[in-house]
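# Survey of secondary and tertiary structure
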Amino acid sequence: MPPTQRTSASSVRRQAPIAVALLIFVSFLAWTKHVGSSSAVQLNHATGHSKSTKQEAASLTDKQLASSSADTDGGIVSSEVDDSTESVAAGTPLKPRIGWVGHSLTDRPPSGLRLKDAVRVATSNFGNLVWAYAAWQLLDHAAVEVVEVVRPGVKVEVDALLMPTANLLFDATPYIKSPMQRHTQMLYGLAHSVAAPTLLVGIGSQVEFDQVLGVGVAGNKTKAVSADFAAAADVVLHQQQVQLLRQVQKSGGIITTRGKFTEAIITANGLNPPLPIGCPSFMLNHNPRLGEVLQKKWDAVLAARSTKLRLAITMPATPRTKGLPLHADLLAKRIFKLFPNSVAVLQTEEDAYTLQRLNAKHGVCLGAERVLFYYDAQSWIDGLKDFDFVFGFRIHGTMAALAAEVPGIVVSKDYRIKELAEAMALPSVDLLAAKLDDDSFDLFEFMDTLTSYEAAGFDQRRREAAAVYVREFERLKVPLNPGVAAIAGS
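Criteria and cut-off values
- Residues numbered from 1 in each chain as written.
- Predicted model: local features only at pLDDT ≥ 70, side-chain atom pairs only at ≥ 80, totals over all residues.
- Heavy atoms only, no water.
- Helix = DSSP H or I, 4+ residues; strand = E, 2+ residues; numbered from the N terminus.
- Buried < 20%, exposed > 50% of the residue type's maximum accessible area, 1.4 Å probe, protein only.
- Contact = heavy atoms within 4.5 Å.
- Pairing = 2+ DSSP bridges.
- Axes fitted to C-alpha atoms, helices over the stretch in contact; angles between N-to-C directions.
- Salt bridge = Lys/Arg side-chain N within 4 Å of Asp/Glu carboxyl O.
- Expected span 1.5 Å × (residues − 1).
- Parallel < 35°, antiparallel > 145°, perpendicular 65-115°, else oblique.
- Left-handed = near helix turned anticlockwise from the far one by under 90°.
- pLDDT = per-residue confidence, 0-100.
- Phe/Tyr/Trp six-rings, centres within 6.5 Å; stacked < 30°, edge-to-face > 60°.
- Core = buried A, V, L, I, M, F, W, Y, C linked by side-chain atoms within 4.5 Å.

Helix and strand counts for the protein come out as 19 helices and 13 strands. Expressed as a percentage of its 490 residues, the buried residues of the protein come to 50%. Within the protein, contacts between residues at least 6 apart in sequence are counted, and of these 75% link residues at least 24 apart.

See below:
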């Protein structure tokens, strides 16, 4: 290679590192300038806010800051406010935070459990799960954050408190001897500690048809109860129960009752009238014409009058300490023996014991394929879809079937079931008036004596109940499940 060429190559080799360094430096300056205007946005995108919204974020309340955690499909977030919670991305609307008091429904329980194990995982009465699941489904979970409120005294910021309750109200005499005192006090503590309206949804009373009311409270009330709703005036609530109801009304929230009997009890005890619209399970199926579907299937069952029909039977609640009632004998003799495709749907461990006693007394031994139980509400609904009819003595077993678009009958054995059936326009009769002769009962003739879905105005009653949810949830700025709103607008 000529000397001049060698010199040129050597020069290039010496200058190359300098050129590279200059290029890196210039690139760094350009990147720094760009970062000055955009790096805060890029960096803070991962944490949920941008530099351009710094002043806006700084002005947010602690409640709004706590609300910025993204939540999908109704997931549970922490019930304690974290002061370090990051603010919301620019333009992202805040989701209302709804406090939830009840069964945790974020995860479905494992399948395949034995009855005694399922009771430990879920609840002692699986019907309570249908009730809780229905209340949970009142919310539009795409538009809310659900905050599990676990105990009074924990700092929690929510926009509303959803408190579905069971059979919380009953006469003061048995109340003072029951474990419901502690539960009622817990609910009051939660409602009192939250600076937000409380939605006490579907509260009910537990009163038997033959109960004596007011003894030991008013001093002179000994009236025996019949199936007449006028007896509600004789139910004297304990002061703790009244205190809870007053707190809910004071919060500006709502009290919906399972029916007119509980409504009458509340007003008779000096409180403002509640909203008697039945159980939230009335809203589980979002078909606006569910009543039409149920009526057609009801008519088909009557037209067939076949013992080959698949019947789902809800068992009567029968304590082990008491003898089998005649209506339990009826199931053995006039249902399980005559309808080979019928199944018993258990809700408690006592139901299994009732089956054992029926077997011993009547020789009714149902194989495993004819004994079902569900400890997940949606699985329960799905599991009943292939049945033709449901018959029995449990309201939430009946409501799970209705959600699956299966018609049925519920026999009311107390005021709780009676008021629910009437509030929701269900084919029903109370036990005192039902003709349930265990030697002559005929299911199809029994159906002929009852008011069906169409005649009772089932769809209209659902529209009226849904309209109440729409009105009250809008007033309280709680996002309602669009399916419920669709029922109201049908």
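Once the structure has been displayed, the description carries forward.
Quick look at the pairing of strand β5 (residues 198-203) now. Most of β5 sits out of view: six of its six residues are buried. Sheet topology places strand β4 (residues 160-164) next to β5; four bridges connect them, and they run parallel. Across the sheet, the residue bridging to Met-163 is Leu-200, located in β5.

It is worth spelling out the sheet that holds strand β12 (residues 408-412) at this point. The strand order across the open sheet formed by six strands is β10-β9-β8-β11-β12-β13, and the pairing between neighbours is parallel. The sheet is open, and its two borders are formed by β10 (371-373) and β13 (428-430), each paired with just one other strand. Put simply, the sheet's adjacent strands are angled 25 degrees from each other on average, direction ignored. Packing against the sheet, helix α12 (residues 349-362) makes contact with β9 (343-346) and β10, and its axis sits at approximately 145 degrees to β9.

The alternating pattern of strand β6 (residues 254-257) places Ile-254 and Thr-256 on one face and Ile-255 and Thr-257 on the opposite face, and all of these are buried. By the bridge criterion, three bridges tie β5 to β6 in an arrangement that is parallel. Residue pairing in the sheet places Leu-199 in a bridge with Ile-254 of β6. Bridging between β6 and strand β7 (residues 275-276) involves two bridges; their strand directions are parallel. If you follow Thr-257 over to β7, its bridge partner there is Pro-276.

With that settled, the discussion passes to the pattern of salt bridges. One pass over the full model with this rule turns up 16 salt bridges. Between Arg-289 and Glu-292 there is a salt bridge; the shortest N-O distance is 3.8 Å. In this structure Glu-292 comes out as partly exposed when scored by relative accessible area, which is 42%. One salt-bridge network, in which partners are shared between bridges, spans Arg-114, Asp-117 and Arg-120.

Turning next to helix α7 (residues 180-193). Over its 14 residues, α7 extends 20 Å from the first C-alpha to the last, a length consistent with the 20 Å expected when each residue adds 1.5 Å. If you check which residues of α7 are buried, you get Thr-184, Leu-187, Tyr-188, Gly-189, Leu-190 and Ala-191. Its buried side turned inward, α7 meets β4, α6 (172-175), β5 and α8 (239-250).

With respect to the helices and strands, the residue Thr-165 is situated in the loop between β4 and α6. Judged by its relative accessible area of 3%, Thr-165 falls in the buried class. Every residue in contact with Thr-165, bar those within four places of it in the chain, is listed here: Trp-131, Leu-187, Leu-200, Val-201, Gly-202, Ile-203 and Arg-258.

It is at 9 Å that the axes of α7 and α8 come closest, and there the two elements cross at 25 degrees. As the angle between them shows, α7 and α8 are arranged roughly parallel. Classified by chirality, the crossing of α8 by α7 is left-handed. Facing α7, whose interface residues are Gln-181, Thr-184, Gln-185, Leu-187, Tyr-188, Ala-191 and His-192, α8 presents Gln-240, Gln-241, Gln-243, Leu-244 and Gln-247.

Attention now goes to the confidence of the model for the protein. Atom-level detail of predicted coordinates should not be read off regions where pLDDT is low. Across the protein, the average pLDDT comes to 82, with 78% of residues at or above 70. For residues 1-88, every residue scores under 50 in pLDDT, and the model assigns this stretch 85 contacts once sequence neighbours within four places are set aside. Note that pLDDT drops below 50 for residues 216-220; the model gives that stretch four contacts with residues more than four away or on any other chain.

What follows covers the packing of aromatic side chains. Taken as a whole and assessed by the stated rule, the structure comprises 20 aromatic pairs. Centre to centre, the rings of Phe-126 and Phe-373 are 6.2 Å apart; their planes meet at 20 degrees, and the pair counts as stacked. Note that Phe-126 is positioned in the loop between α4 (115-121) and α5 (127-136) and Phe-373 in strand β10, a separation of 247 residues in sequence. Residue classification places Phe-126 among the buried residues on the basis of a relative accessible area of 0%. Taking the relative accessible area as the measure of exposure, Phe-373 reaches 24% and is therefore partly exposed.

The subject of this paragraph is the nonpolar core. Core analysis: the largest hydrophobic core is formed by 103 residues, its most contacted members being Phe-336 and Phe-391. Here Phe-391 is in contact with Ala-312, Ile-313, Thr-314, Leu-330, Leu-331, Ile-409, Val-411, Phe-441, Leu-443 and Phe-446, once residues within four sequence places are set aside. Val-147, Leu-187, Leu-237 and Leu-245 belong to the second-largest nonpolar core, a separate cluster that totals 34 residues.

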